[in-house]
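Results of the structural survey
Each chain is listed here by its residues.
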Amino acid sequence: MKEHKARHQLRLGEGRVIVGATFLLIVVAVAVCAPWLAPHDPNEQDLLQILLPPAWLDGGDWAYPLGTDSLGRDVFSRLIYGARVAAIVGTVVPVGTCLVGATIAILSGYLGGIFDKSISRLVDIWMSFPAVVLSLVLMVGLSPGLRNVILATILVDWTRFCRIIRSSVIGLMKLEYISAARIAGASHVGIMTRDLVPGVLPIIITLTSVEIGIAVIVESVLSFVGVSVEPGIPTWGVMIADGLATVFQAPWSLIFSVSAIVLTVLSANMLGDGLRLMLDPRVSERRRIEA
Amino acid sequence: MSDEAQAPIQPWPTGQISGAGWAHLRAFGYLGLKALRNVLAIALQLFAVSIVIFFILRIIPADPLSMLTPGNATHEDAEQIRHAYGLDRPIYEQYFMWLGAALQGDLGNSIQAREPVTRLILAALPMTIELAFCGLGLGVLLGALLGLTAFWYRGRPVERVGETIASLAQSIPDFLWGISFVLLFGLWLNVLPFIGPIDPSMIVERRSGFLLIDTLLAGRWDAFGDRLLHLVLPATALAMIKVALVMRVLRSSLIEAYQDEYVNAARLRGVGEGAILFRHALRNAAIPTVALIGVQAAQTFGGTLLIESIYSLPGMGNLLITAIRTHDLPLIQGISLTYCAIVLLVNALVDLSYLWLNPRLRRQ
Amino acid sequence: MTTLLSPLALQDFAPHDDAASPPLFEARGLTVQAGSLHERPVQVLRDVNLTLRRGQVLGLIGESGAGKSMLGRVIADQLPDGFRVASGSLRFGATDLLALSKRKHRSLLGREIAFIPQEPMMALNPAMTIGAHFREHLRRLGLSAGQGRKAALAALADVRIEAPETVYDQYGFQLSGGMCQRVLIALAFISNPDLVIADEPTASLDVTTQGHIVSLLRALQKRHGTAVLFITHQLRLAAQICDQVAVLYAGEVVEEGPARELFLHARHPYTCALHAAMPNFDGEWRALASPSGQMPGLPEYPMLTGCRFAPRCASAIDACLAEPPVLADCGDARALRCIRPGAVARNAEAENAETNPLSQSKQLAAAPLLKVDNVTKIFRRGGWLSRAPGQTAVSSASFSVAPGEFVGVVGESGSGKSTLGRLIMGLEEPSTGRILLDDKPLGGDEAEWRRRIASIQFVFQDPRAALNPRRSTLQLVTQPLQPGQVSRQQRRAQAEHMLRSTGLPLDTLTKISSQMSGGQRQRVNIARALCNTPRLLIADEITSGLDVSVQAQILNLLLRLRSEFDIALLMISHDLAVVRYLCSRVLVMWKGVIVESGETEAVFSRPQHPYTRELIAALPPEDISKRWAPLAT
């Protein structure tokens, strides 16, 4: 009965990973190939053709497959170029956050004592900011730009990684196999790499893949307020902000940019969820038996 | 074995705690002490937070002066501002000047509005609190109902469907829910208002600042109804994630509580399923849910920021966004500090409610 | 005492004269099946016959996994999902329990049938006071709030709780395990039930508390004339308090009869094996013997075509494997499920005759290996704001261990015995005092740590928690070998050597901990500790989670390792019989203090300290003609 459940869970997890990863890879591919895919320059204005609806609707023009915005820029091309920022933010931020958060968490949980206490205090203080507020304030201090967007997002989100991974490390530390390894003569580094990291790896992987979606969201929030990347770079967030201003006349660009973000976020979550199901120790145990 | 670190087992607890009344008294005394400690902790944390904010806004930027001066300022203006903000003094002095004033309730003047920051914040705060309260309340209420339903039908298709919808609702951030609702219910179906806090033609005297209360105080039922209608979309947008989270957490902690031995023991005494759920399991299962509500209460205030902007509500979020767009540094500092103060306060309240829910914590 | 007699059918029976009266509770051919449609059904309980008469105590004996708790679940109509009664009957008085509607069945629970659970600390709702539990229960029995309180306080006084009013307002987690169990017993007896099912009611309690609880249960049972189904894994305990006993193995009743008879003259090979595997506390020291392997798990049941014990049975013949034997009446009020009755008196001779460790005590070297010098450990509690006094776990402990000496540390939970072990290992820092290895005090730096772990090793209580679930046995057993210092072949050779020494099959090398049984895991733990041939092994309750037969295997293993590796052992245990089996010297701990120490035989036969006497009196004697102290009153 149990085996049956584990097999089901494995299959469910694999399905989600495949769907999620496929969409995310498509986004990356689009970002890389943007110059060849986009029919227009994303910033090219055509003031005679503003707020066009998508081509298949009345008044649409196949030169602008998804219509134009209030400055007559091609929504389709902007969407494609917007994938570039999404792809960069969605790769660099998760990796950076994971490295910073997980390293501090494992050190903090393993070493304990005063180091652990001060880290916990720091995380507490960090967490008393609503995440949006902290990232906005950070962007005001750092001034806009892609690098700073990445930096600000990592600076805000490492605490979440840190707190979750630390508590899981603390849970592992209570298990006697850590003491047993120490008695067996393992070094501190050995315990951290052989006993702690494998134990928290499933959580790290899940958190990191979910962070892909969060990074894209944070970028769009910052764009929405107007403190994101350098002006002139199209992002999905900028498109939302522009689209919201003209929502009464032409909701199209808004709908497309929101959908792009939602789909990316959903895929990231599916990937994370799927990996969580697959990395569940009960399931990986089963895979081991089969292997 | 860890249990050896705990208190020795007293075969006869006589004389330890005598009678329930005393125990309750002690619990309340403990509660008071705990509250005092919380207040102290909040003060300390706010102090730390103020340093962080100050550091980010005054030290990281290469040229705080240019951030402080509006674009159209003359050289004299700039000098004046430099002096007014003490930028010609050492950084720690600047900080303590700011802190000293802040402790007296003076967060400086807004550069753009040329009004005290405190007054601007106090004017905007009720709108934000009202929105956050409604959003969170709606989320918890719906989430708890759905969580109980999902638990009751555990293992059946109903639960699977609920789970799928919940994971969808949880994935999408609240500001995207806000935009989607505007598009769907506001523009397309055109069934609900989505601009402003209330119909502009309904003018109600401002007393508490909370529109729901002010309309009632004025006896204007029509305005109250209109306010509720205006609240539906933004509050629901804020509630979506909470509904999903509360539902999932409540369901899973109920499932966990049902695996506890005391549920089995109650069943073996013949206690009915309804009593087991509501009397035995729910109170224990509520503890993680309350913890979640605490975290989410803080998140909700962050969420109001963008929702206010989308729905043109004159709250703190809109104020902050305007301040950021106009580089109004004193206002940005003041508002972010206020947000943190609210979050810390909410967390402290949640902490106290644990004690009420979980008798185990009342012991020292 | 409150009498809340139920108006239901069972009152109709006339006062009975023992055997002639119809049984109060009777199972006939009861078979419980598990398994969904696409899997082969497993017979979790097979052909169970039990009879319990009014006012009698029926003991149900078996190791974990024998299915003894499953019977309770059938009676309570609370089989887990996927389990169902396939055949047989279950009668309670005139009622057919299997034919009752869910609703009617539930209305019996807590009224005519009451349960006493296994883990008292867990069985009380942490969000409800003791009083709230009573209010809920008594409201269901139809008492008003005022009457209820009175009845509850009387019931609490009845279970010998000294301050019922205080306890009434307390929460379960504020009470000790024994107190919780008293409360639960009071809850069970308050409705004056006809049948009480006590499922290992003392398994999670200390020895001395066990005595109190059992004597209380027996007294209440006698006073109310209640029939009790007493589920336990302790043969001796059952022999003391039960009238009838049934032995369960892998879901089958293998032997049944009057408790005394069955205890003195076991007939089934399994019952004999249980006897032979149990270390004795009084009488001559004797070597333990235990059948190989352990009880099969549910997935293996379908493969066992014949007698389910046959694969482990020393006297099994081909016919035993052919078809399942039936439970046959022996005529003398006993029943047996074995086709070769009388073929064996005792199952298998000791695999290798172990020598009495007590006789070796004289040959020990004089210079101590380890010396514990006035060590105290105080645990501080709370943060910097709390002024709570520390908890003294170990107080001024001094003793030494000679090379090759087996020393036992006994005491109940909270006595500080585990902390003592952890202090010696270096897992905790002593607050004051010194620990000397080879007459040199052990310091705290890395070099000293290396010196410590080269000589001292530790085996943890919970074998599962002590093994990294992601690493193979090969990696775990050779963990003490420093990477880089040994080749892969050496590593493997050493692992194989350790597996052979600890009696594990070689295919265990590639397995991870979840693929092994509890006994195998503990062997891996021991193998890892022995990998670098330490001179002192600290074993912290290493058999307390294991079944008797597996425990015997581990104990014999330790004796054998003693001659093979010449190690000393510090055996931390709550079980006096285990310590007596292994150790030549014993320390008795009570509330952090070593209250008595000396040669095992001397301490146990002539205890000086009152606490030691209490501990010894709490053990059910092996010679059942002796009165067990808790029941003497």
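Rules used in this analysis
- Residues numbered from 1 in each chain as written.
- Chains lettered and ligands numbered in written order.
- Predicted model: local features only at pLDDT ≥ 70, side-chain atom pairs only at ≥ 80, totals over all residues.
- Heavy atoms only, no water.
- Helix = DSSP H or I, 4+ residues; strand = E, 2+ residues; numbered from the N terminus.
- Rg over C-alpha atoms; globule rule 2.2 N^0.38 Å.
- Buried < 20%, exposed > 50% of the residue type's maximum accessible area, 1.4 Å probe, protein only.
- Contact = heavy atoms within 4.5 Å.
- Areas by Shrake-Rupley, 256 points an atom, 1.4 Å probe, with all protein chains shown as cover.
- Lys, Arg positive; Asp, Glu negative; His and termini not counted.
- Charge placed at Lys NZ, Arg CZ, Asp CG, Glu CD.
- Pairing = 2+ DSSP bridges.
- pLDDT = per-residue confidence, 0-100.
- Domains from an automatic or database assignment.
- Buried area = accessible area lost by both parts, 1.4 Å probe.
- Salt bridge = Lys/Arg side-chain N within 4 Å of Asp/Glu carboxyl O.

Now for the overall build of chain C. In terms of regular secondary structure, chain C is built from 22 helices and 22 strands. Relative to the compact-globule value of 26 Å for 633 residues, chain C shows a C-alpha radius of gyration of 26 Å, a close match. If one aligns the C-alpha atoms of chain C with their principal axes, the spans along those axes are about 75 × 65 × 50 Å. Buried residues in chain C amount to 58% of all 633 residues. Considering only intrachain contacts with a sequence separation of at least 6, the fraction spanning at least 24 residues in chain C is 70%. As displayed, chain C has an accessible area near 25000 Å², and 51% of this comes from carbon and sulfur atoms. Each charge class in chain C was averaged separately, 68 positive and 61 negative side chains, and the resulting centres sit 4 Å apart.

This paragraph deals with the pairing of strand β4 (residues 83-92) of chain C. Residue and element names in this part refer to chain C. Here strand β1 (residues 25-34) pairs with β4 via 8 bridges, running antiparallel. Looking at β4, one finds that Val32 is bridged to Val85. Looking at chain direction, β4 and strand β5 (residues 95-96) are connected through 2 bridges and run antiparallel. Following the sheet pairing, Arg91 is matched in β5 by Asp96. Between β4 and β5, which pair antiparallel one after the other, the connecting turn spans 2 residues, and Gly93 there sits at a positive phi close to 60°.

Right, let's get into the confidence of the model for chain A. Detail in the predicted coordinates should be disregarded across regions flagged by low pLDDT. In this model, chain A carries an average pLDDT of 87, and 95% of its residues clear a pLDDT of 70 or more. Segment residues 286-291 of chain A: pLDDT under 50, and 10 contacts once partners within four positions in sequence are set aside and those in other chains are kept.

Time to look at the domain arrangement of chain C. Residue and element names in this part refer to chain C. Taken domain by domain, chain C consists of domain 1 (25-112 + 194-206 + 230-343), domain 2 (355-455 + 534-607) and domain 3 (470-533). Put simply, the middle of domain 1 and the middle of domain 2, counted by C-alpha atoms, are 37 Å apart. The partner domain 2 presents 22 residues to the 22 residues of domain 1 that form the contact. Its largest share of buried area at the contact with domain 2, domain 1 owes to Asp206, Phe281 and Trp285, together 42% of the area lost on that side. Across the domain 1-domain 2 interface, the total number found is 0 salt bridges.

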